[in-house]
Amino acid sequence: MTSITRRSAFGLAAAGAALALGGRPAFADQLADIRKAGKLRVAVAMGVPLFAFVDANVKPTGSDVETAKLIAKDLGVDFELVEITNAARVPTIQTRKADILVANLAITPERKQAVDFTVPYATLNIVVAGPEQVAIKEYKDLVGKRIAVTRATVNDQMVTQQAKGAEIVRFEDDATLITAVVSGQADIVSTQTAVLSAMNEKRSGAKLVTKFVQQELNLGIALPKGETALKGWLDDWIKAKFASGELNAVFKKFHDRDLPADLVQRAV
């Protein structure tokens, strides 16, 4: 059984408010709590091409959505999809508006201070892209140029830190960023390869080309701090599904590429 709820970033900073609105309180063993409730609430950032989107039948799908459904199935509980924005990913887990987050979230030292991560379950490349005739080979070439990013992403952080002097235009989610590029509001972007492909599919003019790869990112399932039983179950699940080929099959179905062979051995 699957249900869908939608959450905005507004008010996510207050844990007390989360409880008042029906969020689960923090127990010593959230895994046991999930099983007792018979439902797994999974936060997913919708509107991200290939990872989480709405199909022709207006059904949520994508590698993150299908991975989340598989987790709930193997836990033996119902699946509830909590739709959020990119900016709300970490706050949603901090305030326990969802039990776990499967939302193309890169594992970074800063985020590890706020939430716990599993071993990597997927990867993505983030790139700077622009018109073919625009000369950009590295961050310093962005000085004085207007570049669009999705707010609260690693892309945003890297451009902010390394492209001093660039005019950074931030959008709340990937869907809005895509619309801006397609409509001509921006033509230089820092984004992931899947989003770039979606932009080029919808652009009527010249396609954007990759100028340079910023980083390959390891993606982890995020969960509240200190939930050791839940983290242990998820780590074991990822390793088992990776070994069986199921995790790779779900990912390849949408991304048309295999996951790295050393994925689950990568340090986090």
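Refer to the structure printed above.
Below is a short write-up of the structure. (Residues numbered from 1 in each chain as written. Predicted model: local features only at pLDDT ≥ 70, side-chain atom pairs only at ≥ 80, totals over all residues. Heavy atoms only, no water.)

**A word on empty space enclosed by the protein**
Applying the stated rule across the entire model yields two cavities of 30 Å³ or more. Taken as a whole, the largest cavity holds about 160 Å³ of empty space. Around the largest cavity sit 18 residues that line it, and Arg89, Asn104, Thr153, Asn155 and Gln192 are the ones nearest its centre. Contributions of two or more residues to the lining of the largest cavity are made by strand 7 (116-130), helix 6 (154-162), helix 7 (174-182), strand 10 (189-192) and strand 11 (209-223). For the lining of the largest cavity, the leading source of residues is strand 10, giving three residues. Considered as a void within the structure, the second largest cavity measures approximately 40 Å³ in volume. Of all the secondary-structure elements, those providing two or more residues to the lining of the second largest cavity are helix 3 (63-75), strand 7 and helix 10 (246-255). (1 Å grid on protein atoms, 1.4 Å probe; cavity = no way out; pocket = protein on both sides within 12 Å on 5 of 7 lines; lining within 4 Å. Points joined across faces, edges and corners; volume = space filled by probe spheres on them. Helix = DSSP H or I, 4+ residues; strand = E, 2+ residues; numbered from the N terminus.)

**Looking at the side chain of Asp64**
Within the secondary structure, Asp64 is located in helix 3. Among buried charged residues, Asp64 stands out as having no salt bridge; its nearest opposite-charge side chain is Arg89, 7.2 Å away. In this structure the side chain of Asp64 is engaged in a polar contact, spanning 2.7 Å, whose partner is the side chain of Tyr121. When neighbours within four sequence positions are excluded, Asp64 is seen to be in contact with Val44, Phe51, Val102, Ala103, Asn104 and Tyr121. (Buried < 20%, exposed > 50% of the residue type's maximum accessible area, 1.4 Å probe, protein only. Lys, Arg positive; Asp, Glu negative; His and termini not counted. Salt bridge = Lys/Arg side-chain N within 4 Å of Asp/Glu carboxyl O. Polar contact = N/O pair within 3.5 Å; in protein donor to acceptor, adjacent residues only side chain to side chain. Contact = heavy atoms within 4.5 Å.)

**Regarding the packing of aromatic side chains**
Counting across every chain of the model gives three aromatic pairs. Ring geometry for Phe51 versus Phe251: centroids 6.4 Å apart, planes at 65°, classification edge-to-face. Placement of the pair is Phe51 in the loop between strand 2 (39-45) and strand 3 (53-54) and Phe251 in helix 10, with a sequence separation of 200 residues. Each member of the pair Phe51 and Phe251 is classed as buried. Taking the centre distance of 5.1 Å and the plane angle of 75° together, the rings of Tyr139 and Phe212 count as edge-to-face. With Tyr139 in the loop between strand 7 and strand 8 (146-150) and Phe212 in strand 11, this residue pair connects regions lying 73 residues apart in the sequence. Judged by its relative accessible area of 13%, Tyr139 falls in the buried class. (Phe/Tyr/Trp six-rings, centres within 6.5 Å; stacked < 30°, edge-to-face > 60°.)

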